[in-house]
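# Descriptive analysis of the structure
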Amino acid sequence: MIRDHLQEIALEHGCVGFGVTTADPFEGLAAVMESRRDTGLASTLAFTYRDPAAASDVRRSLPWAERLVTVAYGYQPDAGTAAVDTATVRIARFADGDAYIGLRAALDAIAAHLTDRGHRVAVLADDSRLVDRAAAVRAGVGWWGKSSMVLVSGVGPWVLIGSVVTDASLDLDTATDRSCGSCVACIPACPTNAIVADGIVDVRRCLAHLLQAPGVIPVEFRTAVGDRLYGCDDCLTACPPGKRILTGASSVEGPSIVRVLSASDRELLETYGHFYLPSRRPRILRRNALIAAGNDRSEHLEPIVIGYLGHPDWLLRAHAAWAIGKFGTESSRASIEMGLQDEDDGRVRSEMFAAKARWQIDPGLR
Ligand code: B12
Ligand code: SF4
Ligand code: SF4
C-alpha cells in the first residue's frame, strides 16, 4: 500500500508522527481566525492570517488536492541553547540549527515517491496556504494542547509539522481522541500570561511573536524577554508529554550578548539567516540583544550598550536607552544626559526620559 510505504519513508527521515487526511476544508477554522484577527488576539500577524479562507481550504490554492500526507518531525534531542548566567542569549530549540531542513527532507522524499507514481504534489510547511496544526490534528498525528501546540505521543510538543498535498486517493487516518486531561502546566509557565484560554494564545503577549516582530518591543514585556534572542520554549518545556524526551536533550551555551552586539550585518545573516527576520535585516536581533543586556546588567556590557546611543538606527538607540536605564550607574546616567543633548528623535527621547524617571523613583538603582 502506498500509504504504508510513505509512512516508512517518513520514519526513515526522522519523523515521529505520520497521518493522512482529506484535503477538505477545515470547517469553522476561517471564522476562528477572522475572529482572532478582529479581536486583536492575532496581533498584526500576516502569514496564514492574510487570507484565512485560503489557509483553511487548501483546494483554493491547489484545486486538484485529494489528500494531505502530514508528518511531525522531532527536533529536540540536540538542539537549543541553555539558560546560563554569563551574559549569553538563548535561542529556542526549533531555531537553533534549523530543524526545518530535516522536515523538508522528509517531505521531499515523500513527494518524490508520489511523483514517481505519476501523482501531483505540493510540499507545504510553514506556508500561508495551510494551517499545519489543523492538518496534523485531523490526520491523527497529534492532539491539540492547551498551549495551542500539537502534541505527539512520546515527544509532546517538540515537533515541526508539514504536509505533502497530493491528488492520490490514499487511505485515511482518523483523529486521535487524546487530550491534555486535567493538566494545565503550560498556563502558569508562560512568562507573559499569553495563554488566555484552552488552545488560545494572545499573540500580542507571546514572546515568540514579539521577538520576531518589527518595531518597538512594548516596555511591559521587556523584563520577561530575559535572555532570549529568538523564540520562546517555556510552554513547551513545561509540557509533561514532552518531558521524557527533554530529559535526554542536550543544549549548549548560546552566543554571548557581546558577540551579537558587535557582529556585522553579514555575520549575523550568515549565522541567523534561517530565522524569520523582517525585510531580511538583522536589526531585530540587535534590538533583542540590547534588551537581554539590560536584563543581564553585567558590567562589561555597559560600554557596548552606551555605544549604541550613537547608532544610526533609532530603534536600536531607543532600546539602548531602556537598557542603560536598567544599569543605572553614574556613567550610564551621564550617557543619557549627553544623549538628550544630541537626540532629535522623539521615540528615542521618550525612552531616555523614561530611564531618567525610573532613576528618580529608584535612586539606589545600582
Ligand atoms: C502564526 C504562527 C505563530 C504565531 C501564533 C501562534 C499561535 N499559537 O496562534 C507565533 C509567532 C506566536 C508562533 C509561535 C510559535 N510557533 Co508558530 N506558527 C504560526 C503559523 C505560521 C500559522 C499558525 C496559524 O495560522 N494558526 C491559526 C490557528 C487558529 O490555528 P492553530 O492554533 O495553529 O491550530 C489549531 C486550530 O487550527 C485548531 N482547529 C482546527 N480546526 C478548527 C476548527 C475550529 C472551529 C476551532 C475552534 C479550532 C480548530 O486545531 C489546530 C491544532 O491545534 C504556523 C505554520 C502554519 N502555516 O500553520 C506556525 C506553527 C504553528 N508554529 C510552530 C512553532 C514551533 C512555534 C513555536 C513553538 C516557536 C518557538 N519556540 O518560539 C511558538 C509556539 C507558541 C505557541 N504556544 O503557539 C509550529 C507548531 C508545531 C506544533 N507542534 O504545534 C508550526 C505549525 C510551524 C511548523 N510548520 O511546524 N507561531
Ligand atoms: S511561546 Fe512563550 S510567551 Fe508564547 S505562549 Fe508559549 S510560553 Fe507564552
Ligand atoms: S502543559 Fe499540559 S495542558 Fe499544556 S499543552 Fe502540555 S499537556 Fe496540555
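In what follows, the accompanying structure is described. (Residues numbered from 1 in each chain as written. Chains lettered and ligands numbered in written order. Predicted model: local features only at pLDDT ≥ 70, side-chain atom pairs only at ≥ 80, totals over all residues. Heavy atoms only, no water.)

### What about the overall build of the chain?
Looking only at helices and strands, one finds 17 helices and 12 strands in the chain. The C-alpha radius of gyration of the chain comes to 23 Å, within 12% of the 21 Å expected for a compact globule of 366 residues. Seen along its three principal axes, the alpha-carbon backbone of the chain occupies a region of about 75 × 45 × 40 Å. Counting all 366 residues of the chain, 53% fall into the buried class. Partitioning the intrachain contacts of the chain with sequence separation of at least 6 by distance along the chain shows that 75% fall at a separation of at least 24. Entry remark: accessible area of the chain is about 16,100 Å², with carbon and sulfur atoms responsible for 52%. Side chains of the chain carry 39 positive and 45 negative charges; the gap between the two charge centres is 3 Å. (Helix = DSSP H or I, 4+ residues; strand = E, 2+ residues; numbered from the N terminus. Rg over C-alpha atoms; globule rule 2.2 N^0.38 Å. Buried < 20%, exposed > 50% of the residue type's maximum accessible area, 1.4 Å probe, protein only. Contact = heavy atoms within 4.5 Å. Areas by Shrake-Rupley, 256 points an atom, 1.4 Å probe, with all protein chains shown as cover. Lys, Arg positive; Asp, Glu negative; His and termini not counted. Charge placed at Lys NZ, Arg CZ, Asp CG, Glu CD.)

### Comments concerning the site of ligand 3
In the region of ligand 3, the neighbouring residues are G145, K146, S147, L151, C180, C183, V184, A185, C186, C239, P240 and P241. The class makeup of the residues in the shell around ligand 3 is nine nonpolar, two polar and one charged. (Near = heavy atom within 4 Å. Nonpolar A, V, L, I, M, F, W, Y, C, P; charged D, E, K, R; others polar.)

### Observations concerning helix α1 (residues 2-12)
All buried positions along α1 are accounted for by R3, L6, I9 and A10. On an axial view of α1, the arc spanned by its buried residues comes to 120°, and they lie on one face. In α1, the exposed positions angled more than 90 degrees off the buried face are occupied by L11 and E12. Of the surrounding elements, those touching the buried residues of α1 are β1 (15-22), β2 (67-74) and α4 (100-116). G14 lies just past α1 and shows a positive phi near 90°. (Arc of directions from axis to C-beta.)

### A short note on the packing of helix α15 (residues 314-327) against helix α17 (residues 346-361)
Running from N to C, α15 and α17 point in directions that differ by 0°, and their axes come no closer than 8 Å. Considered as vectors, α15 and α17 are oriented roughly parallel to each other. Contact residues: W314, R317, A318, A321, W322, I324, G325 and K326 in α15; R347, V348, E351, M352, A355, R358 and W359 in α17. The class makeup of the residues in the contact of α15 with α17 is nine nonpolar, one polar and five charged. (Axes fitted to C-alpha atoms, helices over the stretch in contact; angles between N-to-C directions. Parallel < 35°, antiparallel > 145°, perpendicular 65-115°, else oblique.)

### A closer look at the side chain of S56
With respect to the helices and strands, S56 occurs in the loop between α3 (52-55) and β2. On the basis of relative accessible area, S56 is assigned to the buried category, the value being 4%. Engagement of the side chain of S56 in a polar contact is seen with the backbone oxygen of P52, the distance being 2.8 Å. (Polar contact = N/O pair within 3.5 Å; in protein donor to acceptor, adjacent residues only side chain to side chain.)

### Focus: the site of ligand 2
Taken together, the neighbourhood of ligand 2 is formed by C190, P191, T192, I195, C206, L207, C232, D234 and C235. Per-class residue counts for the shell around ligand 2 are seven nonpolar, one polar and one charged.

### Looking at the packing of α1 against α4
Relative to each other, α1 and α4 sit at 150°, their axes nearing to 9 Å. Accordingly, the angle class assigned to the pair α1 and α4 is roughly antiparallel. For the element pair α1 and α4, the recorded crossing hand is right-handed. Two secondary-structure elements touch here, α1 through I2, H5, L6, I9 and A10 and α4 through A109, I110, H113 and L114. (Left-handed = near helix turned anticlockwise from the far one by under 90°.)

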